[in-house]
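Close look at the chain arrangement
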Amino acid sequence: QVQLVESGGGLVQAGGSLRLSCEASGRAFSTYAMGWFRQAPGKEREFVAAIRWLGSSTYYADSAKGRFTISRGNPETVYLQMNSLKPEDTAVYYCAAAEFGSRDYSTASAYDYWGQGTQVTVSS
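Summary of the structure given here. What you see is a predicted model; the values in this text were computed from it and never measured.

For the chain, the count of helices and strands is zero helices and 11 strands. Going from the N terminus to the C terminus, the chain shows its helices and strands as β-β-β-β-β-β-β-β-β-β-β. Here the C-alpha coordinates of the chain stretch approximately 40 × 30 × 25 Å along the principal axes. Here the chain, with 124 residues, has 43% of them falling under the buried criterion. Here the analysis covers contacts within the chain between residues at least 6 apart in sequence; of these, 56% occur between residues at least 24 apart. For the chain, the exposed surface amounts to about 6,300 Å²; the carbon and sulfur share of it is 47%. Here the chain contributes 11 positive and 11 negative side-chain charges, whose respective centroids are spaced 3 Å apart.

Bringing the pairing of strand 3 (residues 18–26) into the picture now. The side chains of a regular strand alternate, residue by residue, between the two faces of the sheet. In the sheet, strand 1 (residues 2–7) pairs with strand 3 via six bridges, with the strands oriented antiparallel. Note on strand 3: the bridge partner recorded for Val-5 is Glu-23. In the sheet, strand 3 pairs with strand 8 (residues 77–82) via six bridges, with the strands oriented antiparallel. Within strand 8, the position partnered with Leu-20 by the bridge is Leu-80.

How each quantity is defined
Residues numbered from 1 in each chain as written. Predicted model: local features only at pLDDT ≥ 70, side-chain atom pairs only at ≥ 80, totals over all residues. Heavy atoms only, no water. Helix = DSSP H or I, 4+ residues; strand = E, 2+ residues; numbered from the N terminus. Buried < 20%, exposed > 50% of the residue type's maximum accessible area, 1.4 Å probe, protein only. Contact = heavy atoms within 4.5 Å. Areas by Shrake-Rupley, 256 points an atom, 1.4 Å probe, with all protein chains shown as cover. Lys, Arg positive; Asp, Glu negative; His and termini not counted. Charge placed at Lys NZ, Arg CZ, Asp CG, Glu CD. Pairing = 2+ DSSP bridges.

Written as structure tokens, this is what we have:
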């Protein structure tokens with residue numbers, strides 16, 4: 001069993017920053033990519049950012065480009081640095097891990113494991 005545990009969420013004023021962390025534990029698995037998604041109330045879960053483990057290529061949603069940075073640590077740990085936060089960034093943020101390659105890592109179906117989520121609230 002693989003567990004993903006997110007941390008770092010909270011309440012921040014518009015223009016502020018937060019750093020989310022996600023650590024994988026449990027049985028060993030081959031990590032091809034890890035990503036972040038978010039879901040606001042009444043909306044569908046949406047892609048935020050992803051990073052490939054081999055080569056560390058990164059991918060961002062248009063809403064995250066220039067403000068968010070995804071990075072990886074060892075062992076299977078992924079971070080999301082969020083700057084210049086806006087009220088519309090308010091959502092539950094989920095970490096995800098993909099155990100297989102050759103997938104579109106901007107889609108939720110590419111991932112095999114998910115965390116429970118961490119709440120990010122940005123006040124205006």
